[in-house]
Amino acid sequence: MNLASKLAEERRMRLAAERLLEQKQAELFAANRKLGQHARKLSNEIVETRAQVKTVRDENEKVKSDLTVAHHKVEIAHQKVEIAERRLWHSIETIRDGFAFFDADNHMIAANKAYLALFDGLEEVGPGVSYPRILQFLVEEGVVDIGDTAPADWRSSMLKRWQQPAPPPTVWRLWNGEYYKLIDQRSHGGDVVSLALNISDTVRYEKELKDARTRAEDAARAKAAFLANMSHEIRTPMNGVVGMSELLRDTTLDDEQQLYVDTIKNSGEALLVIINDILDYSKIEADKLVLRPEPFDLERTIHEIVMLLQPAARDKGIDLAVDFDLFLPTTFTGDRGRIRQILTNLMGNAVKFTLSGHVLIRVVGVQRENSSDTDLHISIEDTGIGIAKEKLAHIFGEFNQVEDDRNRKFEGTGLGLAISRKLITLMGGEIWVDSEEGKGSCFGFRISLRADDTKSIHPPSLPKVMRRAMVVDSLEVNRIILAKQLETLGMATVSYPSAGEALKQIDGSIDLLVTDHTMPDMDGFELATELRKRGHELPIMVLSSSVNFAEKDPAIGLVQALLQKPTPRSELFARLQDIGVGLSLAALPDDPAPLAQGTPKRAMRVLAAEDNRTNQLVFRKMVKTLDIDLQFASNGLEAIELFQSYDPDLIFMDISMPKMDGKEATGEIRALEGNGGKHVPIVALTAHAMDSDRDAILAAGLDHYLTKPLRKAEIFAVIGENCPDAARPIAHEETAAQSA
Ligand code: ADP
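Below or above, wherever it landed, is the structure these notes cover. This structure is a prediction, so every number in the text was calculated from the model and none was measured.

Regarding the overall build of the chain
Summing up its helical and strand segments, the chain has 20 helices and 22 strands in all. Taken over the C-alpha trace, the chain has a radius of gyration of 52 Å; the compact-globule value for 740 residues is 27 Å, which it surpasses by more than 25%. In the chain, buried positions account for 41% of the 740 residues. Partitioning the contacts of the chain with sequence separation of at least 6, the portion at a separation of at least 24 is 63%. Total accessible area on the chain stands at roughly 41,800 Å², and carbon and sulfur atoms take up 54% of it. With 90 positive and 113 negative side-chain charges, the chain shows a spacing of 9 Å between the two charge centroids.

Some remarks on the pairing of strand β2 (residues 108-111)
Across 3 bridges, strand β1 (residues 98-102) lies against β2 in antiparallel orientation. Bridged to Phe-101 within β2 is Ala-110. Connecting β1 to the next strand, β2, in antiparallel fashion are 5 residues, including Asn-106 with a positive phi near 70°.

Here's the deal with the nonpolar core
Of all hydrophobic cores here, the largest spans 47 residues; its most connected members are Leu-298, Ile-302, Leu-343, Met-347, Ile-361, Ile-380 and Phe-445. With 7 residues, helix α8 (residues 336-352) is the largest single contributor of residues to this core. With sequence-adjacent residues up to four places away left out, Ile-302 is seen in contact with Val-322, Phe-324, Leu-343, Met-347, Ile-361 and Val-363. Counting 27 residues, the second-largest nonpolar core is a separate cluster that includes Phe-102, Leu-138, Trp-154 and Leu-174.

Some points on the packing of helix α5 (residues 200-249) against helix α6 (residues 255-285)
Two numbers describe a pair of packed helices, the interaxial angle and the distance between the axes. For the pair α5 and α6, the least separation of the axes is 8 Å and the interaxial angle reads 155°. Our classification of the angle between α5 and α6 gives roughly antiparallel. Crossing angle aside, the handedness with which α5 passes α6 is left-handed. A breakdown of the residues in the contact of α5 with α6 according to their chemical character gives 15 nonpolar, 8 polar and 9 charged.

Here we look at the packing of α6 against helix α10 (residues 416-426)
Between α6 and α10, the least distance of the axes is 10 Å, while the angle of their chain directions is 35°. The handedness of the crossing between α6 and α10 is left-handed. Note on element contacts: α10 touches α6 through Gly-416, Ala-418, Ile-419, Lys-422 and Leu-423, opposite Asp-277, Asp-280, Tyr-281, Ile-284 and Glu-285. The residue makeup of the contact of α6 with α10, split by class, is 5 nonpolar, 1 polar and 4 charged.

Side note on unusual backbone geometry
Following Lys-565, the chain continues to Pro-566 via a peptide bond in cis, the omega torsion being -15°. Looking at where Pro-566 falls in the secondary structure, it is placed in the loop between β17 (561-564) and α14 (569-587). Although it is not a glycine, Asn-106 adopts a positive phi angle of roughly 70°. Here Asn-106 lies in the loop between β1 and β2. You can call Asn-106 buried: its relative accessible area is 16%. Phi at Asp-647 takes a positive value of approximately 50°, unusual for a residue other than glycine. One can find Asp-647 in the loop between α16 (636-646) and β20 (650-654).

Description of the sheet that holds strand β14 (residues 492-496)
Ordered in space as β14-β13-β15-β16-β17, the 5 strands form an open sheet in which the pairing is parallel. The open sheet is flanked by β14 and β17, the only strands paired with a single partner. Across the sheet, the mean angle separating the axes of adjacent strands is 20° when strand polarity is ignored. Taken together, the 4 bridges between strand β15 (residues 512-516) and strand β16 (residues 540-544) define a ladder with parallel strand orientation. Bridged to Val-514 within β16 is Met-541.

Some remarks on the pairing of strand β5 (residues 192-198)
Alternating residues of β5 divide into Val-192, Ser-194, Ala-196 and Asn-198, all buried, and Val-193, Leu-195 and Leu-197, none buried. In this sheet, β5 lies alongside β1 in antiparallel orientation, the contact comprising 5 bridges. Of the residues in β5, the one forming a bridge with Phe-99 is Leu-195. Bridging between strand β4 (residues 179-186) and β5 involves 7 bridges; their strand directions are antiparallel. Each bridged residue has a counterpart across the sheet, and for Asp-184 the counterpart in β5 is Ser-194. Counted between consecutive antiparallel strands, the loop separating β4 from β5 contains 5 residues, among which Gly-190 sits at a positive phi close to 105°.

Quick word on the packing of aromatic side chains
Working definition: an aromatic ring pair is given by the centre-to-centre distance plus the angle between the planes. Counting across every chain of the model gives 9 aromatic pairs. Their ring planes at 80° and their centres at 5.1 Å tell us that Phe-102 and Trp-162 sit as a pair that is edge-to-face. On the criterion of sequence distance, the pair formed by Phe-102 in strand β1 and Trp-162 in helix α4 (residues 151-163) is long-range, its members being 60 residues apart. The same class applies to Phe-102 as to Trp-162, namely buried. An aromatic cluster is present here, built from Phe-102, Tyr-131 and Trp-162 joined pairwise through their rings.

As for the pattern of salt bridges
Counted according to the given criterion, the structure contains 37 salt bridges. Between Lys-54 and Asp-58 there is a salt bridge, with its nearest N and O atoms 3.3 Å apart. Of this pair, Lys-54 and Asp-58 both sit in helix α1 (residues 3-94), 4 residues apart, roughly one helical turn. A residue is classified by how much of its surface remains accessible, and Asp-58, at 41% relative accessible area, is partly exposed. With its nearest N and O atoms 3.8 Å apart, the salt bridge here joins Lys-504 to Glu-501. Placement of both Lys-504 and Glu-501 in helix α12 (residues 499-505) is noted, with a separation of 3 residues, approximately one turn of the helix.

Focus on the side chain of His-358
Tracing the backbone shows His-358 in strand β9 (residues 358-367). A distance of 3.3 Å separates the side chain of His-358 from the side chain of Glu-381, its partner in a polar contact. Setting aside residues no more than four positions away along its own chain, His-358 makes contact with Ile-318, Asp-319, Glu-381, Asp-382, Thr-383, Leu-475 and Val-477.

Brief notes about empty space enclosed by the protein
Evaluated as defined, the whole model comprises 1 cavity of 30 Å³ or more. Estimates place the volume of the largest cavity at around 150 Å³. Around the largest cavity, the lining residues are Leu-320, Ala-321, Val-322, Asn-478, Ile-481, Leu-482, Gln-485, Leu-543, Lys-565, Pro-566, Thr-567 and Leu-572. Secondary-structure elements contributing two or more residues to the lining of the largest cavity are β7 (319-324) and α11 (476-488). For the lining of the largest cavity, the element with the most residues is α11, which contributes 4 residues. Tallied by class, residues from the lining of the largest cavity come to 8 nonpolar, 3 polar and 1 charged.

What counts and how
Residues numbered from 1 in each chain as written. Predicted model: local features only at pLDDT ≥ 70, side-chain atom pairs only at ≥ 80, totals over all residues. Heavy atoms only, no water. Helix = DSSP H or I, 4+ residues; strand = E, 2+ residues; numbered from the N terminus. Rg over C-alpha atoms; globule rule 2.2 N^0.38 Å. Buried < 20%, exposed > 50% of the residue type's maximum accessible area, 1.4 Å probe, protein only. Contact = heavy atoms within 4.5 Å. Areas by Shrake-Rupley, 256 points an atom, 1.4 Å probe, with all protein chains shown as cover. Lys, Arg positive; Asp, Glu negative; His and termini not counted. Charge placed at Lys NZ, Arg CZ, Asp CG, Glu CD. Pairing = 2+ DSSP bridges. Core = buried A, V, L, I, M, F, W, Y, C linked by side-chain atoms within 4.5 Å. Axes fitted to C-alpha atoms, helices over the stretch in contact; angles between N-to-C directions. Parallel < 35°, antiparallel > 145°, perpendicular 65-115°, else oblique. Left-handed = near helix turned anticlockwise from the far one by under 90°. Nonpolar A, V, L, I, M, F, W, Y, C, P; charged D, E, K, R; others polar. Phe/Tyr/Trp six-rings, centres within 6.5 Å; stacked < 30°, edge-to-face > 60°. Salt bridge = Lys/Arg side-chain N within 4 Å of Asp/Glu carboxyl O. Polar contact = N/O pair within 3.5 Å; in protein donor to acceptor, adjacent residues only side chain to side chain. 1 Å grid on protein atoms, 1.4 Å probe; cavity = no way out; pocket = protein on both sides within 12 Å on 5 of 7 lines; lining within 4 Å. Points joined across faces, edges and corners; volume = space filled by probe spheres on them.

The following block contains the structure:
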């Protein structure tokens, strides 16, 4: 090999070596850069990790310190709980009463000393002991005085009480005479808190009070008995004084002597009233008053008292009104004398303490379910001086008068209301009062009395021609009562306070005028005269509170009825009934239309089924003035036969008859009539007036109902109303004139 080739070779090799070097350097550089990047990343990670480690370390530190604070707090709380518990127990320990609590399995959890002291040193009674075991200790160790009860019975009853969800309190008497009241309360979880209250002082105090009360009552009774005796003793010589002064008055006396005797008599009588009050009061107090119930007429009793009070009321210009429930029986069983005494007192007070206006006695009653007892509410309302609110509570007390300058002028013992209240209480009722000073008072009382339904007054059924009534009275309360009564009987009413107003308003639609007599502008008779002058023919009823008010009035012939106020219901009903008959008869056509072919009309056919001969006679006599054809049936069977053969226009049917009674006979007749056929009106006649009877009678198919004893006016009204077109009018001329 030549040099050149060697040089060339060397150059090539050097070039190759240089290229390799270059490549290696590039590689080294790249590796270096990668290394650098890696180192940077590593370094970043290290920085990050270090920061994280720091955060964790910081948090750790914080948690550690929080923990320390919490620990501290728990420690403080714990101390507080301990203190509270100590205080609580300290308090529970210091109270005189026993306190314990038990778990749901009836084991004692804890108890204070007072509770444990009940068991007087028995060591076993303490936390952990069961309640049944405690009961056993109580009996066996004689801690509790169980009287005559057998120990086992006492324990079982006490355990039963304890096991109830809400055990009722019970009282234990201990061996040493102490009394404990046990109050146990069960919580939702079943734990029981038990309190044992020492009530020995209260029990002792109560016993002392009871003894003192018995002694006081005995003393009061003795005093009342003494008073009763005394007043009785005083009454005997007082009767002598009054009686003799009365006799003395009838002897020849000069004026001065007469005055002396009158004074003795009046004073004696006044004293007797006071003594009677005291006697009554002390009798009730000494439990010596016995009620004597008997049937009596309540409505009449009220009207008798009204009569007695009427002169005093009239002198003052006060109106006395009675509003007696229209559908209430009249006869009740009660001590009439005592009820009269109560009413006299309340009504007398009302008149005494009223200077103008009115006194209204209102009686309403509700029959008790399944009983013939009626709860009667009687109220006495006045427009008098009234009673101040603060005095109301005292007026039923003894010798309590609302004393002030205003009423010192009123006489009285102040015993009337006390006696009334005691009598009402004795009757099982109650009394109350509502009053406003200056406006008036309303005294009310409630008593239950047996009603005698057989003596009920039944409101009349007014004929259809009595539809509208006009009431004229200057006093509103009277207008209201009258309007209510007439409306109850089925009439529509309009009311006016004066005759002038009535004259202005009256027209042909009014069928009846009921007017007061004494009115400011024009009295009742003047009103009647004016109406007749103007051609009004309607029936007029005049009422007045004065007696014999119409005696000399020439207008008396213009009115159909005169009534004294307040009017008993029976009287009002009878007058209305009479007016009703008059109107029914007047409504009959005067001039019947001529029949075809001029045949005269037949008489109305009336069948009366009545087994009693005397009653048949009475009935025949009652209707003898009527132009009717009358046949009698003596029992239900005959009534059915005559219904078919005689074809009556109206049947009066006695209810109790032999062979077949009235209800059954009516049933048969209705069956014979069939559906849609002619319907003969049948009127029941019965002596029984119980509501249930009435319902049964009407349910049996009868149309009307009349109670015995029969009233002519009622019979006439029914016959008049049912007279068919095919028959002649029932009225003879004489009858029509009588009834009109
Ligand atoms: P007396 O009427 O004999 O004084 P009462 O016992 O009957 O006794 O009444 C007690 C008091 O009650 C009366 O004195 C009177 O002050 C008051 N009082 C009773 N009724 C009424 C009444 N209707 N209006 C106002 N005060 C009355």
